[in-house]
Amino acid sequence: MLNTRLPEYVTPKPDQVFVQCWHGTPLKRLGYDVEIETTNALNTTQELADRFGLDAQKWTYLLSPSPYTSKHLADAFDLPEERRSDVIIEEGYPRNDEIALAHADATGSRQAELREALGVPEGKKVLLYAPTWRDDSYRAGVGYTFDYLIDFDLLRRELGDEWVVLFRPHYYIANHFDFSAYEGFVIDVAQWPNINELYIAADALVTDYSSVMFDYAILRRPIALFVPDYESYANDIRGFYFDLKEIPGPHCMETKELVDVLEDLDGYWERYGSAYDAYVERFCPKDDGHAAERVIDHVWNRI
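Throughout what follows, the structure given in this document is the object of discussion. (Residues numbered from 1 in each chain as written. Predicted model: local features only at pLDDT ≥ 70, side-chain atom pairs only at ≥ 80, totals over all residues. Heavy atoms only, no water.)

Here's the deal with the nonpolar core
Note the following rule: Residues belong to a common nonpolar core when they are buried Ala, Val, Leu, Ile, Met, Phe, Trp, Tyr or Cys residues joined through side-chain atoms within 4.5 Å. Buried means the residue's accessible area, taken with a 1.4 Å probe over protein chains only, is under 20% of the maximum for its type, while exposed means over 50%, and partly exposed covers the values in between. To qualify as a helix, a DSSP run of H or I must reach at least 4 residues; to qualify as a strand, a run of E must reach at least 2; elements of each kind are numbered from the N terminus. In what follows, a contact means two residues having at least one pair of non-hydrogen atoms within 4.5 Å.
Residues Leu27, Tyr129, Phe152, Leu155 and Ile223 are the most contacted members of the largest nonpolar core, which totals 99 residues. Sort the elements by how many residues they give to this core and helix H11 (residues 265-283) lands first, with 7 residues. The residues touching phenylalanine 152, leaving out its near neighbours within four places in the chain, are Tyr129, Val165, Phe167, Phe179, Tyr182, Phe185 and Val186.

Observations concerning the sheet that holds strand S9 (residues 204-207)
Heads up, the rule is: Paired strands, in this sense, are two strands between which DSSP finds at least two bridges.
Taken together, the 6 strands give an open sheet; going across it, the order is S8-S7-S4-S9-S10-S11, and neighbouring strands pair in parallel fashion. Only two strands of the sheet have a single partner each, and these edge strands are strand S8 (186-188) and strand S11 (251-252). The sheet contact formed by S9 and strand S10 (residues 223-226) spans 3 bridges and is parallel. Paired with leucine 205 across the strands is isoleucine 223, a residue of S10.

Overview of the environment of leucine 225
Tracing the backbone through its elements, the reader meets leucine 225 in strand S10. Spatially, the C-alpha atoms of leucine 225 and asparagine 196 are 19 Å apart, while their sequence positions differ by 29 residues. Discounting residues that sit within four places of it in the chain, leucine 225 has contacts with Thr207, Asp208, Met213, Leu244, Ile247, Pro250, His251 and Cys252.

Considering H11
Short version of the rule: Here, expected helix span is obtained from the residue count minus one, scaled by 1.5 Å. We define the bend at each residue as the angle formed by axes fitted to the 7 residues ending at it and the 7 residues starting at it.
Here H11 is 19 residues long, yet its end C-alpha atoms lie only 23 Å apart, well below the 27 Å a rise of 1.5 Å per residue gives. Along its length, H11 shows its largest kink, about 65°, at tyrosine 272. Taken residue by residue, H11 has Leu265, Gly267, Tyr268, Tyr272, Gly273, Tyr276, Tyr279, Val280 and Phe283 as its buried positions. Taken together, the buried residues of H11 touch helix H2 (67-76), strand S7 (163-167), helix H8 (212-215), S10 and helix H10 (255-262).

Some remarks on the environment of valine 126
Topologically, valine 126 is positioned in strand S4 (residues 125-129). Judged by its relative accessible area of 0%, valine 126 is buried. Put simply, valine 126 and arginine 115 are 11 residues apart on the chain and 8.6 Å apart in space, counted from C-alpha to C-alpha. When neighbours within four sequence positions are excluded, valine 126 is seen to be in contact with Arg115, Val120, Trp163, Val164, Leu166, Ala201, Ala202, Asp203 and Ala204.

Description of the sheet that holds strand S3 (residues 88-90)
Where strands meet in a sheet, backbone hydrogen bonds hold them as pairs that are either parallel or antiparallel. Spatially, S1-S2-S3 is the arrangement adopted by the 3 strands of the open sheet, whose pairing is parallel. Here the strands that pair on one side only, and so sit at the sheet edges, are strand S1 (19-20) and S3. Pairing of S1 with strand S2 (residues 61-64), which is carried by 2 bridges, proceeds in the parallel orientation. The residue bridging glutamine 20 from the neighbouring strand is leucine 62, located in S2.

Let's talk about the packing of aromatic side chains
Convention followed: Working definition: rings of Phe, Tyr and Trp (its six-membered ring) pair if their centres are within 6.5 Å, and the pair is stacked with planes under 30 degrees apart, edge-to-face with planes over 60 apart, and tilted otherwise. Note on criteria: charge over ring means Lys NZ or Arg CZ within 6 Å of the ring centre, with the direction from the centre no more than 35 degrees off the ring normal.
Throughout the structure, instances matching the rule amount to 28 aromatic pairs. Cluster of aromatic residues (ring-pair linked, three or more members): Tyr68, Phe214, Phe242, Tyr268, Trp269, Tyr272, Tyr276, Tyr279 and Phe283. The ring of phenylalanine 242 carries the charged tip of arginine 282 above its face, separated from the ring centre by 5.1 Å.

Observations concerning helix H12 (residues 291-302)
Put simply, the test is: This arc describes the spread of directions from the helix axis toward the C-beta atoms.
Along its 12 residues, H12 runs 17 Å from first to last C-alpha, staying within 8% of the 16 Å computed at 1.5 Å per residue. Among the residues making up H12, those that are buried are Ala291, Val295 and Val299. Each buried residue of H12 lies within a common arc of 45° when the element is viewed along its axis, so the set occupies one face. The outward face of H12, more than 90 degrees from its buried face, is lined by the exposed residues Trp300 and Asn301. Looking at the packing, one finds that the buried side of H12 touches S1, S2, S3 and helix H4 (97-104).

What to know about the packing of helix H6 (residues 152-159) against H10
Our working definition: Lines are fitted to the C-alpha atoms to define the axes, a helix being fitted only along its stretch in contact, and any angle between axes, read from their N-to-C directions, falls within 0 to 180 degrees. Small angles under 35 degrees read as roughly parallel and large ones over 145 as roughly antiparallel, with 65 to 115 read as roughly perpendicular and the rest as oblique. Here a crossing is called left-handed whenever its near helix is offset anticlockwise from the far helix by less than a right angle, and right-handed whenever the offset is clockwise.
As a packed pair, H6 and H10 sit with axes 10 Å apart at the nearest point and diverge in direction by 25°. Classified by the interaxial angle, the pair formed by H6 and H10 is roughly parallel. Handedness of the H6/H10 crossing: right-handed. Touching Leu154, Leu155, Glu158 and Leu159 of H6 are Thr255, Lys256, Leu258, Val259 and Leu262, all from H10.

Quick look at the pattern of salt bridges
Put simply, the test is: A side-chain nitrogen of Lys or Arg and a carboxyl oxygen of Asp or Glu constitute a salt bridge if their distance falls within 4 Å.
This model, assessed by the stated rule, comprises 18 salt bridges. Across the pair arginine 134 and aspartate 229 runs a salt bridge, and its minimum N-O distance is 2.8 Å. On the criterion of sequence distance, the pair formed by arginine 134 in the loop between S4 and strand S5 (138-139) and aspartate 229 in the loop between S10 and helix H9 (230-237) is long-range, its members being 95 residues apart. Through salt bridges with shared partners, one network takes in Lys71, Asp75, Glu81 and Arg84.

Here's the deal with the state of the cysteines
Disulfides are covalent bonds that link the sulfur atoms of two cysteine residues. Just so we agree on the cut-off: We call a pair of cysteine sulfur atoms a disulfide whenever their separation is within 2.5 Å.
Considering all chains together, one arrives at 0 disulfides under this definition. Cysteine cysteine 284 shares no disulfide, and the gap to the nearest cysteine sulfur, in cysteine 21, comes to 17 Å. The exposure class assigned to cysteine 284 is buried, which follows from its relative accessible area of 5%.

Examining the side chain of arginine 29
The condition that has to hold: What qualifies as a polar contact is a pair of N or O atoms within 3.5 Å, subject to a donor-acceptor requirement within protein and to the restriction that residues adjacent in sequence count only when both atoms come from side chains.
Residue position: arginine 29 is located in the loop between S1 and helix H1 (45-56). Within polar-contact distance, the side chain of arginine 29 engages the backbone oxygen of phenylalanine 240 at 3.2 Å. Ignoring anything within four residues of it in the chain, the contact list for arginine 29 reads Val34, Glu35, Arg238, Gly239, Phe240 and Tyr241.

None of this, on its own, says anything about what the molecule does.
This is the structure in structure tokens:
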């Protein structure tokens, strides 16, 4: 089972079962759905699409948590219509069972355990900040860089008495971030092995265009977007499958807006509660803590 594409030179043998688990619900356009000529420094739009198509030819199964994801992953990988009903297993993402079970645990014991392991001071609220990479920010010999950080000085000045921040950049991002000046307020969790544990530990999420916004919603906790480069990302880099305004929660262009949101989380639910419920139903209807059981039954019963 893989949650990424197989290298082009790897081909499953006739007696092998290849389950494509993928790694999230698509917001950014992928593969054959990318309509903008890519600014990716490594590949053209067509080269990237062709690699997706080659991968789909190898699949035995594709896992999906929703009808939305089933359609867009199948389209992005150019999975033939006649194969879709046999290949797609729309039973949720097994990797999200851990999140759903934590949400169902009214004691909050797992959250408390993880906060202690992460070094979060007792009594503090936790903000997970998880930005993604930018296709056009590639430096030879370095990798993908990131230049859209929130203002940690302002955040600490306004919220430092109540909050700590877990900073988790996309693994493509090559910047070295020095948070020594923010000791006790920012915890660098770039190397933490399991992002699900960071979701469970956090009271709220800030991201930009990452699919973490879908997985985190299983917990029914506040989500805010920090998107100062929204126009350029939407129009010049990748494009989206739907209008970002459909994502419940504030879309902040400046850190001060984010501060206002975190200071009024009760107001968050008044403004976004019903839209949040619809969002979860649309994107996470099968992520109920039992996806692994259903996928195993499906795959093993057909071998």
